[in-house]
Amino acid sequence: MMRTTAFSLLPVIIYLCFSSVCAQLELDQDPKLDYYCGFNWLEANTFCRTACPSGLDVDCPISPSGRKQSCYQGAGCFNRMETLYWTGVVAILFDREEHMKNHKVEVEASGTDDEENTAANDVVPTAALMGKVEEVALERTLISTLQILLDDKIYLASLDIKGQTYDQPCVEAVFPLGWDRDDPSKLALDVTMRITARYIPNAVTFYTDKDLGDVFISGLGKAQDATVRELKNANSFFNAVTGMAAVSEEDLAEAPSSMPSTSPTRDFDQLFEAKLDSTPTGSNGIVFSVKTPKGAPSVLLEGMKFVTNFEGVLEYEVYSKLGSWKNFVGRSNEFDLIASGQVTGKGPKTWVDIIQGDHVGTIVKGNETTSVNYVGFKKVYVLGDGGERSFYFTTTKRFLKEDRTAIPILFSSPINSLSESLRQYAMVTTNSELELYEGDGVLDYPWPTDPNGKSPYYRRPRGPIIAFNYDRSPCFPNVNFTGWPCPYVQKTRKPTPRPSRELLFRLLIVHKCVYPYFVSIASLCLCGLHSLLGQQKNRRMHRHCPQRHNRHGVRHESLQLSQ
């Protein structure tokens, strides 16, 4: 049974604690986040070793002496915790022959029009990737290993597989020499994953994202044999596994490729978008937040897209502020209007762009036409290293559907169906620079206040179906800068401005003089002196810099400068 009080034994003994120690949950947070095990509330609050979100004592461990812990609510643990992230690759090494024998798939070879017809029907054998069942088996095995490695010092929140491929080139470059991935008898399945963990810092304990990665990488190496055995027992897909190791994403980025890349660097301008939902819901608007991952640089949002099931003219407004929106619902004065305008909806499967520049729209009422000034999208930044920016995006009531109801902005249902009506917001999508989180669907315009979270005009949580155009390095060449504004003027990526007339004249004269095909050493000296001193009146100098023909026999024309 869950204990609900911190002073149930003796009515005259109470626990006094400062806010930094108690750190009770805010009103909009799920109480289950702060259920923790202990022999009493004080121990649960002090050590925060084991969470018990079910609220049941049976989820709490038994000490070596046989003493049973209990589950306490309001332990004051959750809001004192710091979050750690690690992204990297776990390489699973297989015996190629054995693995291909049991897990081989055949892919049709692509033929060209010039090839024989039989070539198009050829098949190429390749190893099968993990299915959902195999992914779950791998996740559970690694979670079991990682929980032992963390040794109750860090709480493992999640381990998620993000992708998989065989023999990824850049992984090969950073693994120890003992890993002979070039051996043709071996086959490596490289699995990209993200680990999220939480812990409570104190005067003597402090961890970083790198510490989490180091614990996992070194620990997996030491526990390799036991992990491989457990993995083989979990699923037959892994029967041919001979070894495992991990490498962080940072090391992958620095590893040289074994072959030239078709795109050696990512462009500065990127697109970050949520997946279009096949069964979306929608309403007047949505309020949500965007964050940068821990350790990531600041980014500059330069444009925005959305989706509506309406196919006609609509009017929109976009408001934004730094930080969280959760205590500012309905308070537009706390936000900045960063965009407004009229656009035409294109249906639920097509993105609609927010208009970039300021513009004028028209409103027709009967025989009267009115002009309306709108605000083009104002670029806004998101601070790096976990910085947050909130958005409130809505349609107005100036245009309505034929049935006189509001034109909806589409969004997704909760990722976790159990969080319906609760203020629990999951991550919708992420990349290396941005994270998009669920928010609240807004059922009216303008949005009403909701101080106690019980307003009938909100549906929560809801996932924004939104896309952003952004500059991933707005402070280039300082690519890792996490503040704002940039510490110095951004390096231009546009053509350099044309030199002044005098400078252009001098540069071209010098170029003409030093070009080895054209002049002798004597002419070089005279012309160099002429260009430096600017003695243009001495026409005799021009006899030493005559018009020349290049090696293709084409005469160089005299320099003509516009006055």
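So, here is what we can say about the structure in this document. (Residues numbered from 1 in each chain as written. Predicted model: local features only at pLDDT ≥ 70, side-chain atom pairs only at ≥ 80, totals over all residues. Heavy atoms only, no water.)

**Here we look at helix H5 (residues 132-150)**
Here H5 contains 19 residues, and its C-alpha end-to-end distance of 26 Å stays within 8% of the 27 Å for a straight helix at 1.5 Å per residue. Among the residues of H5, those classed as buried are Glu134, Glu135, Ala137, Leu138, Glu139, Thr141, Leu142, Thr145, Leu146 and Leu150. On its buried face, H5 sits against strand E3 (82-95), strand E6 (155-166), strand E7 (186-199), helix H7 (209-222), helix H8 (224-234) and strand E8 (241-248). (Helix = DSSP H or I, 4+ residues; strand = E, 2+ residues; numbered from the N terminus. Expected span 1.5 Å × (residues − 1). Buried < 20%, exposed > 50% of the residue type's maximum accessible area, 1.4 Å probe, protein only. Contact = heavy atoms within 4.5 Å.)

**Some thoughts on the packing of aromatic side chains**
We describe a pair of aromatic rings using the distance from one ring centre to the other and the angle between the two ring planes. Inspection of the entire model under this criterion finds 14 aromatic pairs. With a centroid separation of 5.5 Å and an interplanar angle of 75°, the aromatic rings of Phe335 and Trp447 are classed as edge-to-face. Remark: Trp447 occurs in the loop between strand E22 (435-442) and strand E23 (458-464) and Phe335 occurs in the loop between strand E13 (313-322) and strand E14 (336-344); sequence separation between them is 112 residues. Here Phe335 matches Trp447 in class, with each residue buried. One aromatic cluster in this structure is built from Tyr319, Phe335, Tyr392 and Trp447. Positioned above the aromatic ring of Phe39, the side-chain terminus of Arg67 is 4.2 Å from the ring centre. In this arrangement the basic side chain of Lys321 is found over the ring face of Phe328, its NZ or CZ atom lying 4.3 Å from the centre. (Phe/Tyr/Trp six-rings, centres within 6.5 Å; stacked < 30°, edge-to-face > 60°. Lys NZ or Arg CZ within 6 Å of the ring centre and 35° of its normal.)

**Re the sheet that holds E3**
A sheet is described by the order of its strands in space; here 4 strands give the open sequence E6-E7-E3-E8, paired in antiparallel fashion. A strand with exactly one partner marks an edge of an open sheet, and here the two such strands are E6 and E8. Going across the sheet, the axis of each strand differs from the next one's by a mean of 25°, ignoring polarity. In terms of strand pairing, E3 meets E7 through 14 bridges, oriented antiparallel. Looking across to E7, one finds that Thr83 is bridged to Arg198. (Pairing = 2+ DSSP bridges. Axes fitted to C-alpha atoms, helices over the stretch in contact; angles between N-to-C directions.)

**Description of H8**
Looking only at H8, the buried set comprises Thr227, Val228 and Leu231. Viewed along the axis of H8, the buried residues span an arc of 100°, placing them on a single side of the element. Set apart from the buried face of H8 by more than 90 degrees, the exposed residues are Asp225, Arg229 and Asn233. Each element contacted by the buried residues of H8 is listed here: H5, H7 and E8. (Arc of directions from axis to C-beta.)

**Here's the deal with the state of the cysteines**
Across all of its chains, the model carries 3 disulfides by this definition. Two residues, Cys37 and Cys60, share a disulfide whose sulfurs are 2.0 Å apart. In this structure, the disulfide formed by Cys37 and Cys60 twists by about -80° around the S-S bond and is classed as left-handed. Of the two residues, Cys37 is situated in strand E1 (residues 36-38) and Cys60 in the loop between helix H2 (41-47) and strand E2 (70-72); the sequence distance between them amounts to 23 residues. We classify Cys37 as buried; its relative accessible area is 4%. On the basis of relative accessible area, Cys60 is assigned to the buried category, the value being 5%. The residue that forms a disulfide with Cys475 is Cys486, at a sulfur-sulfur distance of 2.0 Å. The chirality of the disulfide connecting Cys475 with Cys486 is left-handed, given an S-S dihedral of about -80°. (Disulfide = S-S within 2.5 Å.)

**Quick notes on the nonpolar core**
Core analysis: the largest hydrophobic core is formed by 36 residues, its most contacted members being Ile92, Leu138 and Phe238. Residue assignment for this core shows that the elements contributing at least two residues are E3, H5, E6, E7, H7, H8 and E8. If you tally residues by element for this core, the top one is E7, at 7 residues. Excluding its chain neighbours within four sequence positions, the residues that come into contact with Phe238 are Ile92, Phe94, Met130, Glu134, Ala137, Leu138, Leu231 and Lys232. (Core = buried A, V, L, I, M, F, W, Y, C linked by side-chain atoms within 4.5 Å.)

**Observations regarding the pairing of strand E17 (residues 368-374)**
On a regular strand, each side chain points to the face opposite its neighbour's, so the side chains alternate between the two faces of the sheet. As judged from the 7 bridges shared by strand E16 (residues 359-365) and E17, these two strands associate in the antiparallel manner. Across the sheet, residue Gly361 finds its bridge partner in E17, namely Val372. Hairpin connection from E16 to E17: 2 residues lie between these consecutive antiparallel strands, with Gly366 at a positive phi of about 65°.

**What to know about the packing of H5 against H7**
Between H5 and H7, the least distance of the axes is 10 Å, while the angle of their chain directions is 110°. One way to sum up the angle between H5 and H7 is to call them roughly perpendicular. In this structure, the crossing between H5 and H7 has a hand that is right-handed. Of the residues in H7, those in contact with Leu142, Leu146, Leu149 and Leu150 of H5 are Leu212, Val215, Phe216, Gly219 and Leu220. Looking at side-chain class alone, the contact of H5 with H7 contains 8 nonpolar, 1 polar and no charged residues. (Parallel < 35°, antiparallel > 145°, perpendicular 65-115°, else oblique. Left-handed = near helix turned anticlockwise from the far one by under 90°. Nonpolar A, V, L, I, M, F, W, Y, C, P; charged D, E, K, R; others polar.)

Any functional reading would require information that these geometric values do not contain.
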